[in-house]
Amino acid sequence: MICLRCIGKGEKRKMKKLCRIRLINWHRFANELIELDDSVLLSGENGAGKSTLLDAIQFVVTCSKVHFNKAAHEKGKRNLNSYMRCKTGREDRPYERSGEITSHIALEFWEEGRKQFFIVGAVMDSASEEKEPNVGWYLLENRRLADELFLRGNQVKSISVFRGTNKGIKIFANTQTEAKKMVQARFGRLEDKFFSLIPKALAFKPIHDIKDFVYSYVLDEKEVNIDALKENVRSYQDLERMLQDVKNRIAKLEAINEKEAEVENGLRRDRFQEYYLARVDVELTQEARGDAKARRDGAQMREKEQKRREEELQEARRQRQQLITDLSVELNTDKEYQALHELEQQETVLKGLLAADKEEMKALHKAVKAALADVQKLLQVKDADGCVKEYAAFLEKLEECESLVDVSLCLEKVLSYKKNMYEKVLRKLAETRVELNGCQKELSDLKNRIEQLEKKRLTYPDSVTQLRQRIKEQLRQVGRSSEVRVLCELLDIVNPAWQNAVEGYLNNQRFYLLVEPEDFDLALSVYDRMRENRKAYGVGLINTGKLEKYDEVPAGSLAEVVTSASIWAKRYVNMVLGKVHMCQKYQDLKLYPVAITRQCMRYQNHVVSAIKPEVYETPYIGAEAYLRQLEQCRRQQEALQEQEAALEEKISQLEFVTKPLDTAADVDLKYRLPALEEKRKHEKQLADCREAMKCLHANQTLIQKRLHLEELQRSMSQLDTEIREAVMLQGYPEFLAEYDKLKNSRLLEYEEKVYKARQAAEDEFREQFLSRLQENIKQAQNEFKELNRSLGEIHFSREQYEFLYEPSRKLKKFYQMIMDDFNVMQGESIFSSLFSQNHREVIEELFEKLALDDENSAKTLEEYTDYRTYMDYDIKITGEDQSYMLYSKVSREKSGGETQTPFYITVAASFMQLYRNSIGGDAIGLVMLDEAFNNMDDERISGVLEFLTHSNLQVIIAASPDKIQYIGPAVKKVLLVLQDDKMSYVEDFTRA
């Protein structure tokens, strides 16, 4: 039983109802118009687009994009760009839409009081994936949704075009602040809490903790800025520590003064001892000076000797250099010596060239070996050109060839021949591989087909299979278990002699799809979607509901030989084949309007034609059709396997030929062949050079002079080496100054700073912490009173609900300090006698927590600055007999949907209070719940739904398909959100 006192008194409140939605380029919705009602259920599989649709409504009415997809995925990171561009999550293609994109969301409302329509919407332009889209919100009065508002032909209107072509726009807001003012005023001058209540209801999920519910859906988080307070408290405590540190340092410096006298006496004794030690050092120093003088005199004598030796060596070097110069001049003027010198230089150059030739010859031999291997393989091929054999002979005796001209000419012929042959072989190899791939593809398809036939499954055209599968999926999504059958599966032929005639006449009609009459409309909508996406053409979908009149089989018709256990299939066959008369002889065909023979001669429209054998040779009708197909496929498989083996052998032969036709080794040989000629030339030049040198070496005088010159040059080198070897408690005054400074100035300075810091901390603590928390707590208590007034007017299932709040048991002493009225008095210190006497311990504890600065303290501060922390919460559930129980106890004893009811009622009461308190005339009544009633049984769901639909609210609920049977009967419209490949769309699934 539900009794709503707030609604029962007087006439039902008139409101502004959301009646239609238009989505263009919004995630997977390309261009969708959605009709709504007073209460709506949105259903569909996960990911179909239910939350996407609710986010669109939320985005327009709250003018905010920070709450996208919160119910369906708490950690969802969807943003406006991902909705506009349809983010896929794939690495290769992250977005379905690219380039410049414009999206539209338009909400059409019906104002019951004024009996007129108005539109509130948003238009968005996205220039790129990285750039934040531009958004504009607008209001149109006395207008309805129409294509011309958003489209110019097939082009979606951008923001500028939309504003330029729609002159009736009453308000256009470029910022969220302006948009919220527009929405707030047009929806009935609602309170600001509307903008937080809508997303809170959308994100509502099953909660078993009353505190979590209060924090998430009743009381908003309010920031108390304590940065200045923390800084003041830390400064005060730091200065106190510094003051104590100064006092400790003064005490230590005084101890140092006491030790100073003892140190001074010790130093006096040390000075006497140092005097006696210094006298001993003077006597020892005089003896050391005599030893040093003797060492100095010896060093001077050694230095003079070293200088004399260096002068002698330099003189000897000068004399030998003169001899070398004179002998060199004499040899350089000798013509035979000059000629020998030039021949020796030439010999050195030729040796270098021959060394390089040797490396080139290694590369040449390698190239010859590779080229010869290719040629020998090529000679194994029949019909090889004669130049190949000649080329092989040259390569085998290349070093013996006197002229390389013939070798070069033969090499050019072979290169030309190989190039032409290589192109021909490659072309033939490519053709054969294409043929082999086609053969293997046929074999693979045939293998799959045989596997299916062995399982007694027939294979149909892809379009038939895809459409059949898609219809099955959609039927399953809406809870239908009926089958989608292919016509030929349901037929049998009683007279095998007419098998070919039936198969040939029906042709592609054998693959038409059948569904039960009540499923035809849904199947048709799926077919139409696939047609739009160019996924299915030419597939027949039989409207079985229109075949009732074809139960009779005309005598003599082809339908007589066809039977079926399906009444729908038999009726269709009667309709199609009942007009086809069976004729034993082709001469009788002309006696009937439509006729056929066993040999598949068909007469129709006064025309005789023979049906192509390939149409009926592969049977699809009858229980034995798969066996005949299996036999055909196996024969075809054997033929294809033989063809495959022949093609593979042909490819192997062609690949064998391609390797020796490669010209890499021949080209390398072509460019290295001149090295052999160069080697021969350099060898001859070196032999001539050495012969000339042999003649000059016969002159004995010349030889003796050269030997003398070489000996002098060696002795000069030895002299240079010999010349190089011949040539290789004092800090105490600072402590005293520090002591005087600390004692006379720093101590007084820190005492004054500590006093001022404490004053600043007190002022900040009272004005920004205590006062703000007290204000927030009192405001929260007033909100609970307002909420309880609304709940007091509602009876749900003979129960009433009331929120209870009291000081937190854990933080009661803090609550009492915060709510003490003395803390708001100006001009009084929080450490004054009365306040300090009552709360001094709590203040000190709080100061310690505020001064901490680490990860754990951050959580503590978050707790102590949240006004909601200082109260405990519960719900009082009162029965008709005035007996009551507390939710905290019920939630421990019960589970599931029983504990969820108070929360749903509270959410509804919050909206009722919000819309009832509007001051701008009739308000909207919109409430949206996503993934609702997940843990509730059908009785509780029905009760809550009955309450919501009688609460003067417009409710839009998103739930999974398994909830349709419970929610559907309680709402006025059921919409099914479906997904076809990449796009989403909405179908009306309301039962009449």
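Cut-offs and rules
Residues numbered from 1 in each chain as written. Predicted model: local features only at pLDDT ≥ 70, side-chain atom pairs only at ≥ 80, totals over all residues. Heavy atoms only, no water. 1 Å grid on protein atoms, 1.4 Å probe; cavity = no way out; pocket = protein on both sides within 12 Å on 5 of 7 lines; lining within 4 Å. Points joined across faces, edges and corners; volume = space filled by probe spheres on them. Helix = DSSP H or I, 4+ residues; strand = E, 2+ residues; numbered from the N terminus. Nonpolar A, V, L, I, M, F, W, Y, C, P; charged D, E, K, R; others polar. Buried < 20%, exposed > 50% of the residue type's maximum accessible area, 1.4 Å probe, protein only. Arc of directions from axis to C-beta. Core = buried A, V, L, I, M, F, W, Y, C linked by side-chain atoms within 4.5 Å. Contact = heavy atoms within 4.5 Å. UniProt positions renumbered as here; feature names shortened; annotations may be inferred. Axes fitted to C-alpha atoms, helices over the stretch in contact; angles between N-to-C directions. Parallel < 35°, antiparallel > 145°, perpendicular 65-115°, else oblique. Left-handed = near helix turned anticlockwise from the far one by under 90°. Phe/Tyr/Trp six-rings, centres within 6.5 Å; stacked < 30°, edge-to-face > 60°. Lys NZ or Arg CZ within 6 Å of the ring centre and 35° of its normal. Pairing = 2+ DSSP bridges.

The volume enclosed by the largest cavity comes to roughly 60 Å³. As for the largest cavity, its lining consists of Leu 197, Lys 200, Ala 201, Phe 213, Tyr 217, Val 218, Thr 906, Val 907, Ser 910 and Phe 911. When residues of the lining of the largest cavity are traced back to their parent elements, those giving at least two are helix 7 (194–202), helix 8 (210–218) and helix 27 (901–916). The greatest single-element share of the lining of the largest cavity, amounting to four residues, is contributed by helix 27. By residue class, the composition of the lining of the largest cavity is seven nonpolar, two polar and one charged.

Since there are 3.6 residues in each turn of an α-helix, residues three or four apart along the chain are aligned in direction. Among the residues making up helix 8, those that are buried are Ile 210, Phe 213, Val 214, Tyr 217 and Val 218. Along the long axis of helix 8, the arc covered by the buried residues comes to 105°, so they all point the same way.

Counting 219 residues, the largest nonpolar core has Phe 194, Leu 558 and Tyr 915 as the members making the most contacts within it. If we skip the residues at most four places from it in the chain, Tyr 915 touches Arg 13, Leu 190, Phe 194, Ile 198, Ala 923, Ile 924, Gly 925, Leu 926 and Leu 953. Formed by 14 residues, the second largest nonpolar core is a distinct cluster that contains Ala 106, Leu 145, Phe 150 and Leu 151.

Let us look at the UniProt feature "coiled-coil region" (unreviewed entry) in the protein. Residues annotated in UniProt with the feature "coiled-coil region" (unreviewed entry) correspond here to residues 219–263, 422–456 and 623–729. In this annotation, residues 422–456 is assigned 94% helix and 0% strand; the end-to-end C-alpha distance for the span is 50 Å.

We now examine unusual backbone geometry. One non-glycine residue with positive phi stands out, namely His 606, at about 65°. Residue placement: His 606 occurs in the loop between strand 18 (601–604) and strand 19 (607–610). Within the chain, Gln 882 stands out as a residue other than glycine whose phi angle is a positive 70°. Relative to the helices and strands, Gln 882 resides in the loop between strand 22 (871–879) and strand 23 (884–886). Overall, the relative accessible area of 61% leaves Gln 882 in the exposed class.

Turning to the packing of helix 13 (residues 462–477) against helix 15 (residues 520–532), a few remarks are in order. Packed helices, taken two at a time, are described by their axes: the angle between them and the distance between them. At their nearest, the axes of helix 13 and helix 15 sit 9 Å apart, and the two run at 130° to each other. When the interaxial angle is binned, helix 13 and helix 15 end up oblique. As helix 13 runs across helix 15, the sense of the crossing is right-handed. Seen from helix 13, the contacting residues are Gln 466, Leu 467, Arg 470, Ile 471, Gln 474 and Leu 475; seen from helix 15, they are Leu 522, Ala 523, Val 526, Tyr 527 and Met 530. Tallied by class, residues from the contact of helix 13 with helix 15 come to eight nonpolar, two polar and one charged.

Quick look at the environment of Ala 127 now. Locating Ala 127 in the fold gives a position in the loop between strand 6 (116–126) and strand 7 (134–141). Given the relative accessible area of 46%, Ala 127 is considered partly exposed. Residues Ala 127 and Glu 100 lie 27 residues apart in sequence; the distance between their C-alpha atoms is 4.7 Å. Leave out the neighbours within four places in its chain, and Ala 127 touches Arg 85, Gly 99 and Glu 100.

This part is about the environment of Leu 453. Relative to the helices and strands, Leu 453 is located in helix 12 (residues 405–454). C-alpha separation for the pair Leu 453 and Glu 631, spaced 178 residues apart in sequence, amounts to 9.8 Å. Residues within four places of Leu 453 in sequence aside, it is in contact with Leu 458, Tyr 626, Gln 629, Leu 630 and Cys 633.

Let us look at the packing of aromatic side chains. Under the criterion given, the structure shown has 18 aromatic pairs. For the ring pair Phe 784 and Tyr 805, a centre distance of 5.3 Å and an interplane angle of 15° mean the geometry is stacked. Placement of Phe 784 in helix 22 (residues 732–792) and of Tyr 805 in strand 21 (residues 799–807) is noted, with a sequence separation of 21 residues between them. We classify Phe 784 as buried; its relative accessible area is 0%. Arranged with centres 5.9 Å apart and planes meeting at 35°, the rings of Phe 911 and Tyr 915 form a pair that is tilted. Of this pair, Phe 911 and Tyr 915 are both found in helix 27, four residues apart, which corresponds to roughly one turn of the helix. Assigned by exposure class, Phe 911 and Tyr 915 land together as buried. In this structure an aromatic cluster arises from ring pairing among Phe 109, Phe 118, Phe 187, Phe 194 and Phe 195. The ring of Phe 117 has Arg 144 lying over it, and the distance from NZ or CZ to the ring centre is 4.0 Å. When the ring centre of Phe 172 is taken as origin, the NZ or CZ atom of Arg 163, which lies over that ring, is 4.1 Å away.

Now for the sheet that holds strand 13 (residues 513–514). Taken in spatial order, the three strands of this open sheet run 11-13-14, and their pairing is mixed. Only two strands of the sheet have a single neighbouring strand rather than two, namely strand 11 (485–486) and strand 14 (541–542). One ladder, built from two bridges, connects strand 13 with strand 14; its direction is parallel. Looking across to strand 14, one finds that Leu 513 is bridged to Leu 541.

Viewed as axis vectors pointing N to C, helix 27 and helix 28 (residues 938–949) meet at an angle of 10°, and their least axial separation amounts to 11 Å. Classified by the angle their axes make, helix 27 and helix 28 are roughly parallel. Of the residues in helix 28, those touching helix 27 at Thr 901, Tyr 904, Ile 905, Ala 908 and Met 912 are Arg 940, Val 944, Phe 947 and Leu 948. Along the lines of polarity and charge, the residues of the contact of helix 27 with helix 28 split into seven nonpolar, one polar and one charged.

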